[in-house]
Amino acid sequence: MTFFGFGAAADIDIILDGSDTRKQAEIKTEDGRKEKHYLFYDGESVTGKVNITMKKPGVRLEHQGIKIEFIGQIELYYDRGNHHEFTSLVKELARPGELTQNATYPFQFQQVEKSYESYTGVNVRLRYFLRVTIVKRLSDLLKEMDIIVHTLSTYPEMNNSIKMEVGIEDCLHIEFEYNKSK
């Protein structure tokens, strides 16, 4: 909304590499609606580009820098103001300066560790998202894009064998092993 020349002078779009072929998954929001977001796995790289489109051609947009963040955070619904960030990676896309035309910046978060799965529950939400910030003097321009993370892990096979030794010391030893198969 532009009011007396103030407001957003540009639109920010985040486009992920391979977004046309990448799987999407649904997750419930806190109000019960379902949203679709792109699906990533633990250790997978998050790459793409940030498009900044000027709303009015020829208008200058002074900024103190442009950055993209990959954030994993836990939000407690009863404590709205306090979020716990367990993953935070930052890449600087542009140094302070000014934009006079549309710009595209590539980004890459290489083999990001995503140790938890995305989750929305009754009291808590665990989410991963990308945040682009154009830092300005009065108010920053922000754009967030949620992603969903699934962790694929193989659980160790349970060792259900029972071993028992009986015998007479220094004379006779008998060892029993009972292997409980599935």
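About the thresholds
- Residues numbered from 1 in each chain as written.
- Predicted model: local features only at pLDDT ≥ 70, side-chain atom pairs only at ≥ 80, totals over all residues.
- Heavy atoms only, no water.
- Helix = DSSP H or I, 4+ residues; strand = E, 2+ residues; numbered from the N terminus.
- Buried < 20%, exposed > 50% of the residue type's maximum accessible area, 1.4 Å probe, protein only.
- Contact = heavy atoms within 4.5 Å.
- Phe/Tyr/Trp six-rings, centres within 6.5 Å; stacked < 30°, edge-to-face > 60°.
- Lys NZ or Arg CZ within 6 Å of the ring centre and 35° of its normal.
- Pairing = 2+ DSSP bridges.
- Axes fitted to C-alpha atoms, helices over the stretch in contact; angles between N-to-C directions.
- Patch = residues over 30% accessible without salt bridge, like charges linked within 9 Å, V, L, I, M, F, W, Y side chains within 5 Å.
- Areas by Shrake-Rupley, 256 points an atom, 1.4 Å probe, with all protein chains shown as cover.
- Salt bridge = Lys/Arg side-chain N within 4 Å of Asp/Glu carboxyl O.
- pLDDT = per-residue confidence, 0-100.

Enquirer: Could you clarify how one ought to interpret the environment of Thr29 in this entry?
Expert: Here Thr29 is to be found in the loop between strand S2 (24-28) and strand S3 (34-41). Classification of Thr29 by relative accessible area gives buried; the value is 12%. In contact with Thr29, other than residues within four places in its own chain, are Glu35 and Thr120.

Enquirer: I would appreciate a short explanation of the packing of aromatic side chains in the present structure.
Expert: Aromatic rings in a pair are described by how distant their centres are and how their planes are angled relative to each other. Per the counting criterion, the structure on display carries five aromatic pairs. A centroid spacing of 5.6 Å and a plane angle of 90° characterise the contact between Phe86 and Tyr128, whose relative ring orientation is edge-to-face. Linking Phe86 in strand S7 (residues 83-94) with Tyr128 in strand S11 (residues 124-134), this pair joins segments that are 42 residues apart in sequence. Overall, the relative accessible area of 0% leaves Tyr128 in the buried class. Taking NZ or CZ as reference, Arg22 lies 3.9 Å from the ring centre of Phe40, over its face. Directly above the ring of Phe129 sits Arg127, whose terminal nitrogen or CZ lies 3.9 Å from the centroid.

Enquirer: What should I look at first to understand the sheet that holds strand S9 (residues 103-109) in this one?
Expert: Two strands in a sheet stick together by hydrogen bonds in their backbones, pointing the same way (parallel) or opposite ways (antiparallel). Read across the sheet, three strands follow the order S1-S4-S9 without closing on themselves; strand pairing throughout is antiparallel. Since the sheet does not close on itself, it has two edges, and those belong to strand S1 (10-16) and S9, each with one partner. Averaged over all neighbouring strand pairs, the angle between strand axes comes to 20°, with direction disregarded. The pairing of S1 with strand S4 (residues 46-54) spans seven bridges and is antiparallel. Each residue of the ladder has a partner; that of Leu16, found in S4, is Gly48.

Enquirer: I would appreciate a short explanation of a nonpolar patch on the surface in the present structure.
Expert: A cluster of nonpolar side chains, contributed by Met164, Val166, Ile168, Leu172, Ile174 and Phe176, occupies part of the molecular surface with about 530 Å² of accessible area. Elements with a contribution of two residues or more to the nonpolar patch: strand S13 (161-168) and strand S14 (172-179). Summarising the element assignment, Val166 is placed in strand S13.

Enquirer: Is there a simple way to think about the pattern of salt bridges in this case?
Expert: Pairing between side chains of opposite charge can happen when the charged atoms of each approach one another. If you walk through the whole model with that rule in mind, you get eleven salt bridges. Across the pair Glu44 and Arg22 runs a salt bridge whose closest N-O atoms are separated by 3.0 Å. Taken together, the residues Glu44 in the loop between S3 and S4 and Arg22 in the loop between S1 and S2 connect sequence positions 22 residues apart. The closest approach of N and O atoms between Glu26 and Lys34, which form a salt bridge, is 3.9 Å. When its relative accessible area of 54% is taken as the criterion, Lys34 is described as exposed. A single salt-bridge network, built from bridges that share partners, covers Glu69, Glu75, Arg125, Arg127, Arg131, Glu144 and Asp146.

Enquirer: Help me understand the pairing of S14 in this model?
Expert: A regular strand places its side chains on the two faces of the sheet in alternate fashion. The element S14 is largely exposed, with a buried count of zero among its eight residues. As paired strands, S13 and S14 are joined by eight bridges and run antiparallel to one another. Note that in S14 the partner of Gly167 across the bridge is His173.

Enquirer: Got a minute to help me understand the confidence of the model for the chain in this structure?
Expert: Interpretation of the predicted coordinates at a detailed level should be avoided for regions scoring low in pLDDT. Per-residue confidence for the chain averages 85 on the pLDDT scale, and 90% of its residues sit at or above 70. The secondary structure element of the chain with the lowest average pLDDT is S14, at 77, and the one with the highest is S9, at 94.

Enquirer: Would you mind going over the environment of Gly65 with me for this structure?
Expert: Of note, Gly65 is situated in the loop between strand S5 (61-63) and strand S6 (66-76). Sequence separation between Gly65 and Asn51 is 14 residues, and the spatial gap between their C-alpha atoms is 15 Å. Dropping the residues within four chain positions of it, Gly65 is found in contact with Ala94, Arg95, Pro96, Thr133, Ile134 and Val135.

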